[in-house]
Amino acid sequence: MKIPPLPLFIHSVPAGFPSPADDYLEQSLDLNRYLIRHPAATYLARAKGHSMTGRGIFDGDLLIVDRSLEAGHNQIVIAALDGQLTCKILDKQHQCLRAANKNYPPIAISEFSDLIIEGVVIHSIRHHTPPVS
Amino acid sequence: MFCLVDCNSFYASCEQVFRPDLRGKPVVVLSNNDCFIVARSAQAKALGIGDLQTVFNIKSWLHKNRVAIFSSNYPLYGDLSNRVMETLRLFSAHIEIYSIDEMFLFLDNIKNASLNDYGRTIKNTVYRHTALPVGVGIAPTKTLAKLASRAAKDIKKCRGVCVLDTAKKWDWMKKRTPVNKIWGISSRFARRLADLNIYTALELASADPKYIRRHFNVCVERIIEELNGHPCLSLEEVPNPRKQIYCTRSFARKTSQVQPILDAVSLYAARACEKLRTQESLAASVQVLLYSSTYQSNYYNSSKVVQLPWPSDDTRLISQIARQTIQKIIRPNVFYMKAGIGLLELSPKQHQQLDLFYPQQSHKTDQLMAVMDKINHYYGKNSIYLAAEGVHKKWAMRQAYRSPAYTSCWGEIPEIQC
């Protein structure tokens, strides 16, 4: 005779008290949903260099970049300057891209330079231990 | 109104997204195994580089003209195509993915007077969110929307957006469109139409539909109706079977375990491969899809496109790749409702370009697959099927100029100078 497989219950049989937390179970926290408002327009990138340390962005940090946002004054942006991608502060008052490190001079935005704001850096992430994958 | 959004030189544009230095420059993308040129940026076209040109004998010429060359990077194209589609959802709830670079939207509740502005907003938003240039064609039928998108691309004054909302406008366009450029008219049909003195879309549109139906088929009759502004084709919100084969199904009950999902995906891969062999095509890449239950709070769905080492219809190869991919996108503690597989980049098997130095599907595989299909045909489905493990082969494809997987591999995300 074939014995049907016994069903496996994930919950233990409530012989004693049920877990007082059972009624309060919620979904676990999802970093993507917490950090990213426009997934289709958001890209990840790696910071390289030291010009933004004053704003807390260090070499090797992960940058979360939202292309859909309009860049405002004093925001950290990714700009394509003469075809090269760079991360700087957009200074609309002085018409320049500023570094957050006094060793790096500001870059004036002239009508001759080819500048495109690619997106706004909405978060940066530092790794204090190596990431999982 | 139907709206066709068509990405301009899609693969070449994808290569420019993370390389602003290449925007406005000649860029070409090569086929599998780097044989032919399959995509050209506008500047590459202007240099006179032909579609499907063999790359081998013009390589030094390309270098001399500073043409950027890329091997095809389907994981990148698949991801960017998804982003375009997701962005388009801001504009319509009804979307048909016609191909990796073309999407139909159904627009209702938009006043005719503001269609042009709406189209422009679609174009600008897609560019802003994805850095991909698109053309937008809007018209009362899908066939006319296709014409409109051609006009958007070809006529400078349109600047990428064309609305054909009145008979006067679409007649103007039809007069300038040869029949073989109409969506659904093959060159063979075009030749037969030429025998009837029908050369332009306008001439076809004024032909007698009943007469055409008798001499051609009902599809051509529908095209005539569509060209006259009477919609016959509706939005296919499930993917089109001719260009790609999808097999997606819901599970009998939702599951968070890996094994049953893997088994299901192997089964769907086998089904899709059977269909692929029936229509005598080979697939160059595979998409794997996974959906969680919509009724749970951490609703999650994911898909990933993976390139095959060579174009194939081999159930063993495709099933193994699908299983590996599922394991990459599956998340723990999520209950899944549905999974699926898509075979993409289909090409007719008989026109396969052979490559002397690189591996491709062997004759033995063809025979084995033919035998498998025969047995299953005679003795019923699943009389013979794959064991859990697939083949173990070293897959290496020639991709000498592949760009990084900017959006799908942690080690390859773009580096930004700070």
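Focus on the pairing of strand β1 (residues 42–48) of chain A
Then, number 1: Pairing between β1 of chain A and strand β2 (residues 62–66) of chain A: 5 bridges, direction antiparallel. Following the sheet pairing, Leu44 of chain A is matched in β2 of chain A by Ile64 of chain A.
Then, number 2: Where β1 of chain A and strand β14 (residues 415–417) of chain B come together, 3 bridges link them in parallel fashion. Bridging across to β14 of chain B, Arg46 of chain A finds its partner in Glu415 of chain B.

As for the interface of chain B and chain A
Then, number 1: If you look at the interface, chain B gives 18 residues, while chain A gives 27 residues.
Then, number 2: Those elements that provide at least two residues to the side of chain B that touches chain A are α4 (74–88), α5 (115–130) and β14 of chain B.
Then, number 3: Looking at side-chain class alone, the side of chain B that touches chain A contains 6 nonpolar, 7 polar and 5 charged residues.

A look at the sheet that holds strand β5 (residues 95–99) of chain B
Residue and element names in this part refer to chain B.
Then, number 1: Strand order across the open sheet formed by 5 strands is β5-β6-β1-β7-β8, with mixed pairing between neighbours. Edge positions in the open sheet fall to β5 and β8 (161–163), since each of these has one partner strand only. Going across the sheet, the axis of each strand differs from the next one's by a mean of 15°, ignoring polarity.
Then, number 2: For strand β1 (residues 2–7) and strand β6 (residues 102–106), the ladder comprises 5 bridges, and the chain directions are antiparallel. Considered in β6, the bridge of Phe2 is made with Phe106.
Then, number 3: The sheet strands contacting helix α6 (residues 142–154) are β1, β6, β7 (134–139) and β8, and the helix crosses β7 at an angle near 140°.

Considerations on the pairing of strand β7 (residues 115–125) of chain A
All names here are of chain A.
Then, number 1: Looking at chain direction, β2 and β7 are connected through 5 bridges and run antiparallel. Pairing of Leu63 across the sheet is with Ser124, part of β7.
Then, number 2: Relative to β7, strand β3 (residues 76–81) runs antiparallel, the two being bridged by 5 bridges. Residue Ile78 lies in a different strand from β7, and its bridge partner there is Gly119.

As for the domain arrangement of chain B
Residue and element names in this part refer to chain B.
Then, number 1: Split by domain assignment, chain B resolves into domain 1 (10–74), domain 2 (77–227) and domain 3 (245–386).
Then, number 2: For domain 1 versus domain 2, the separation of C-alpha centres amounts to 27 Å.
Then, number 3: Counting residues at the interface gives 7 residues for domain 1 and 8 residues for domain 2.
Then, number 4: Sort the elements by how many residues they give to the side of domain 1 that touches domain 2 and helix α1 (residues 10–17) lands first, with 5 residues.
Then, number 5: Partitioning the side of domain 1 that touches domain 2 into residue classes produces 5 nonpolar, 2 polar and no charged.

Topic: the packing of α4 of chain B against α5 of chain B
Residue and element names in this part refer to chain B.
Then, number 1: The N-to-C vectors of α4 and α5 enclose an angle of 135°; their axes lie 10 Å apart at closest approach. Judged by the inter-axis angle, α4 sits oblique to α5. Seen along the crossing, α4 lies across α5 with a hand that is right-handed. Only Thr125, Val126, His129 and Thr130 of α5 make contact with α4, whose side of the interface consists of Leu80, Arg83, Val84 and Thr87.
Then, number 2: Grouping the constituent residues of the contact of α4 with α5 by class yields 3 nonpolar, 4 polar and 1 charged.

The rules behind each value
- Residues numbered from 1 in each chain as written.
- Chains lettered and ligands numbered in written order.
- Predicted model: local features only at pLDDT ≥ 70, side-chain atom pairs only at ≥ 80, totals over all residues.
- Pairing = 2+ DSSP bridges.
- Helix = DSSP H or I, 4+ residues; strand = E, 2+ residues; numbered from the N terminus.
- Contact = placed C-beta atoms within 7 Å.
- Nonpolar A, V, L, I, M, F, W, Y, C, P; charged D, E, K, R; others polar.
- Axes fitted to C-alpha atoms, helices over the stretch in contact; angles between N-to-C directions.
- Domains from an automatic or database assignment.
- Parallel < 35°, antiparallel > 145°, perpendicular 65-115°, else oblique.
- Left-handed = near helix turned anticlockwise from the far one by under 90°.

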